[in-house]
Structures are given as C-alpha cells and as structure tokens.
Amino acid sequence: MEIAFIYQIPLAARRALDAHPERRSTDEWRLHRLFPPFSSTLAGHDRVGVLLCSHRFGELWLGFDTDVSAGLALGTNATQLQVATGVLAGWTQLGIREGIHFVEKLDWQGFLRVVREVLGPTVIVHDPTAVPLMLADRVKAGIKNL
C-alpha cells in the first residue's frame, strides 16, 4: 500500500521556478494570496480524489474536478471549497452514532450525497487493463495524470 499527496503546479509557475533556481525564499518572489481571492479572473480547476490500483482490477480514480469559478462565486478558491465541503459532509455524520466515529462506519452514501450537492457529480475513470505502478515508477515514467 502506498499513500501520497500529489500536487501539480501550473506550467507558468514551473517555468518561473526553473528560470530562477537561486531563489530559495518566498520573500524573493512576488506572491498573491489565494484567500480571499485577489482576482475574479482566476481560471482553472482543482482535482481531489483517490487512485486505487490492483493487478486484478487495474486502475480506478474516483474524485471531483472543481472549477475555480465555483469557489470564486462563494468568495473562496476551489481547494478551500473542497475542504469545506468535506468538513460539512462530515458534520452531517455527527449524532448518527454515539462514541468514536470510525471511517468504516461512515454513512458513505449520505456523505457523498452532501459532497455532490456542492461539488457536482463524482468523476470516475477506470482502466481495467492498466498495470499498477508505484508512485516512484510513475514519476520516472513521466506520467502526467498521477
């Protein structure tokens, strides 16, 4: 089992970082805060989900692809909207059970119902013939959509 948080920065940011390897501190860059949004002209999307890989079933990605405009409409950004949605959906689980709440006991259908109301439908990508790869092997192979 392997667990990773993967973040892909925009191409323009990658080019800027590559062009100035001598800059080591955030003080050396002109930065914009994401919250509150500094501009209503932000564009793009944010993906959050889980990638499951196995020899028997191939690869399955389940998640949400949130357009930046969805966050801007609420005065935030797409990432914070996704986090807030998860917290909101979690709050709806409180009081259903007494004591400790284990993830195995989560009412996942109710949880996803709340999340879908905010973020839209679940995105599902399944490739039953994909060969499972470790994260390090994916990076070596240059796979773009980790």
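To keep things clear, this report deals only with the structure shown in the data block. (Residues numbered from 1 in each chain as written. Predicted model: local features only at pLDDT ≥ 70, side-chain atom pairs only at ≥ 80, totals over all residues. Heavy atoms only, no water.)

Another aspect to go through is a nonpolar patch on the surface. On the surface, Val83, Val87, Leu88, Trp91, Leu94 and Val118 cluster together to form a nonpolar patch covering roughly 570 Å² of accessible area. The element best represented in the nonpolar patch is helix H3 (residues 78–91), accounting for 4 residues. Summarising the element assignment, Leu88 is placed in helix H3. Overall, Leu88 belongs to the partly exposed group, its relative accessible area being 38%. (Patch = residues over 30% accessible without salt bridge, like charges linked within 9 Å, V, L, I, M, F, W, Y side chains within 5 Å. Areas by Shrake-Rupley, 256 points an atom, 1.4 Å probe, with all protein chains shown as cover. Salt bridge = Lys/Arg side-chain N within 4 Å of Asp/Glu carboxyl O. Helix = DSSP H or I, 4+ residues; strand = E, 2+ residues; numbered from the N terminus. Buried < 20%, exposed > 50% of the residue type's maximum accessible area, 1.4 Å probe, protein only.)

Attention now goes to the pattern of salt bridges. For side chains of opposite charge, pairing can occur when their charged atoms come near one another. Applying the stated criterion to the full structure yields 2 salt bridges. Of the charged contacts, one joins Arg14 and Asp18 as a salt bridge, the two residues approaching to 3.3 Å between their closest N and O atoms. Remark: Asp18 and Arg14 occur in helix H1 (residues 11–19); sequence separation between them is 4 residues, near one turn of the helix. Among the residues examined, Asp18 registers a relative accessible area of 52% and is labelled exposed. Measuring nitrogen to oxygen at the nearest pair gives 3.4 Å for the salt bridge that ties Arg47 to Asp65. Of this pair, Arg47 sits in strand S1 (residues 45–54) while Asp65 sits in strand S2 (residues 58–67), and the two are 18 residues apart along the sequence. On the accessibility criterion, Asp65 (34% relative accessible area) is partly exposed.

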